[in-house]
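# Residue-level structure breakdown
Residues per chain are reported as follows:
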Amino acid sequence: MKRSLLADLFYQNAEATPAKKAIWCDGKSASYKEMADLISRYSNLLLSLGASYGDHIAIPMNNSIESVALFFSAADLGLCVVPLNPSLPFEAIKVAMLAGDIKHLIARKAFLSECERSGGIKIDGFTICLDKEFPGAVPFAKINEMPSTRPEPQHDVDGSESLILTMTSGSTGTPKPIDISQQNKYDRSMAHIRVYSITTDDYILAATPLYHSLAERLVILPLILGATSILMPRFTPALWLKCAEEQKPTFTIAVSAQLAQILELLKQEDAPEINSFRCIVSSSALLEASVKYELIDLLKCEFHEMYGASEVSTVTDICFQDAPDKQKSVGKPFDEAEIKILRDESETDFDTVCLTGEVGEIAVKSKLQCKGYYKQEAMMKAAMFEDYFRTGDLGYLDEDGYLYFAGRKKEIIITGAINVYPHDIDQIIGRLPEVEECAAFSYPDSRLGEVVALAVVAREDQEINLRSLKAYCAKNLADFQQPHKIFIVDSLPKNTMGKLQRMAILDHVRAAGLDE
Amino acid sequence: MEEIREAILDFVEREYKLPDDIDQDSYDYVENGYVDSMGLVQFVAILEDQFDIEFTKDELLSSEFRTIGGLEKMISSKIAG
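Given the structure is predicted, the values throughout are model-derived calculations rather than measurements. (Residues numbered from 1 in each chain as written. Chains lettered and ligands numbered in written order. Predicted model: local features only at pLDDT ≥ 70, side-chain atom pairs only at ≥ 80, totals over all residues.)

## Focus: the overall build of chain A
- For chain A, the helix and strand inventory stands at 14 helices and 27 strands.
- Rg of the C-alpha trace for chain A: 23 Å, near the compact-globule value of 24 Å for 516 residues, within the 12% margin.
- When its C-alpha atoms are laid out on the principal axes, chain A stretches across 65 × 60 × 55 Å.
- Looking at chain A residue by residue over its 516 residues, the buried ones come to 50%.
- For chain A, the proportion of contacts with a sequence separation of at least 24, taken over those separated by at least 6, is 65%. (Helix = DSSP H or I, 4+ residues; strand = E, 2+ residues; numbered from the N terminus. Rg over C-alpha atoms; globule rule 2.2 N^0.38 Å. Buried ≥ 20, exposed ≤ 12 C-beta atoms within 10 Å, placed from the backbone. Contact = placed C-beta atoms within 7 Å.)

Written out as structure tokens, the structure is:
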């Protein structure tokens, strides 16, 4: 029978280097042998509970060695993991689970209790409680009774199976589950191994949540290569420095908002000396030039910037030390990717592709592209131009084929590297009877790059109580969707057609003297 | 006091259980990443709503707010008025 390539590669590494450190997370380490035992036990547990090929398992996921083991068990059995952000409000979790065709659930007790309090979620398969016991759920501790031998294959696993569905929309708007197959995860890993010359000697640091594709890549890659994964349970700049000092990672892809915070601490007198990195890659948003140079100076390693999207993985990369005359670029495409810059359709005469230096929407054709949005074919089709994925970002190419980022076309707020869809927030706040209309918008923030702000117009003869509005947000929106600033305004800026001008709201509230 | 601590822990331990070997009173849950800058906005709103109190800007920036024991005391004295 055909077996999972990802699981096969991992088990081969475990066979070849059983004593080598496979992973570290939150003060605990596992060797390749220990990790192989854990993955096998996890697979046996899932099988004993009735998991079968093609089943989808939801998990409000935290960063832990067990979460990583689940990815590999799922790969080995041909299952699909649907990692969810545990901070999502219950309603959003329910919508995401429905969109992800969930059969089984793995969760902590607090989550299961919250489910029960909020009316429950229909689970046809099994439920595993990760900590303690919960009525109707199988305690995760049962894993200790399972054999540590890799289970015999139950079904062909040819690589086309969905391995992970990453949910991109956080609230009640239709979620876009990005469908990543096993083969796709493998191809993405191999491309990064090649571009960044990653070897078995590398210690690869992941410091973002595992329910995002970046950290998934950073933990799967070392384990199929035979390197070491360093997984931070939570991120703060101080924890990052401590982890870097103690675990001595050699490679990481960090989000730019994190790097800016890390630099602040690194510049302090009592900061530890971090000298283990050979290469750091900044992703998700452009890093300020000054931050970049200071980091290069302090960390003394190769410094790259990449551009990409979860749907198409990394598209371009640039090493700043190698391209001194291209400091503002996000680099040249990976071998797997091709870029087209598209003109705005409304301005299109006959040629839809921009000229060199002309700003348009960045569209990407890549061998690393995901399978699509799970059961949302129309949505994926709408995001395509021929066989190019429209990223919603604006940019241009120079005469040497380097890409430059020039802003965003899609109305999206990126806070600490998390995409927030303002429309999701508008919808939830718009349900309040005292709200005539409202709009979430991007507000600049020195730590997170951007944060969510909200402009609200009250209904005639009604008043908006700021405190109850904040409490409503706390209960009905995820943490990354919380408005850090709320402005009560008389009107929202609109164009002559009555369309909301979201990008103009900040100027609008400032002009009204409300942002002080 | 018990209800206050429970409310604090409910949120702080939403994703990760606190380590067993710590002094909870002096434990800095912000420094240790249990509540990040995004979660803080939500955390404050939940506490203000649940206990019918309001934190000032200075209180939110104080070191007392960042420890479990300190925050518990802060809320308790606010309730007492």
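From this point, the narrative continues.
## Considering the interface of chain B and chain A
- In this assembly, 16 residues from chain B lie in contact with 24 residues from chain A.
- Grouping the constituent residues of the side of chain B that touches chain A by class yields 6 nonpolar, 4 polar and 6 charged. (Nonpolar A, V, L, I, M, F, W, Y, C, P; charged D, E, K, R; others polar.)

## Some remarks on the sheet that holds strand 27 (residues 485–488) of chain A
All names here are of chain A.
- One open sheet accounts for 3 strands, arranged 25-26-27; its pairing is mixed. With partners counted over all chains shown, the strands left at the sheet margins are strand 25 (435–445) and strand 27, one partner each. Strand-to-strand twist across the sheet, computed as the mean angle between neighbouring axes with direction ignored, equals 25°. (Pairing = 2+ DSSP bridges. Axes fitted to C-alpha atoms, helices over the stretch in contact; angles between N-to-C directions.)

## Digging into the pairing of strand 2 (residues 28–31) of chain A
All names here are of chain A.
- In the sheet, strand 1 (residues 21–25) pairs with strand 2 via 4 bridges, with the strands oriented antiparallel. When the bridges of strand 2 are listed, Ile23 appears paired with Ala30.
- The hairpin turn running from strand 1 into strand 2, its antiparallel successor, is 2 residues long, and Asp26 in that turn takes a positive phi close to 55°.

## Brief notes about unusual backbone geometry
- The phi angle at A:Lys375 is positive, at roughly 55°, despite the residue not being glycine.
- Considering the arrangement of structural elements, one finds A:Lys375 in the loop between strand 19 (372–373) and helix 11 (377–382).
- Of note, B:Asp52 is a non-glycine position whose phi angle comes to about 55°, a positive value.

## Considering helix 1 (residues 5–16) of chain A
Residue and element names in this part refer to chain A.
- Counted at 1.5 Å a residue, the expected span for helix 1 with its 12 residues is 16 Å, and the 16 Å between its end C-alpha atoms agrees.
- Residues of helix 1 that are buried include every one of Leu6, Ala7, Phe10, Asn13 and Ala14, and no others. For helix 1, the arc enclosing every buried residue in end-on projection is 125°, short of the 170-degree limit, so these residues lie on one face. Away from its buried face by more than 90 degrees, helix 1 exposes Glu15 and Ala16.
- Next to the buried residues of helix 1 lie helix 2 (32–48), helix 3 (65–77), helix 6 (182–195) and helix 7 (213–225). (Expected span 1.5 Å × (residues − 1). Arc of directions from axis to C-beta.)

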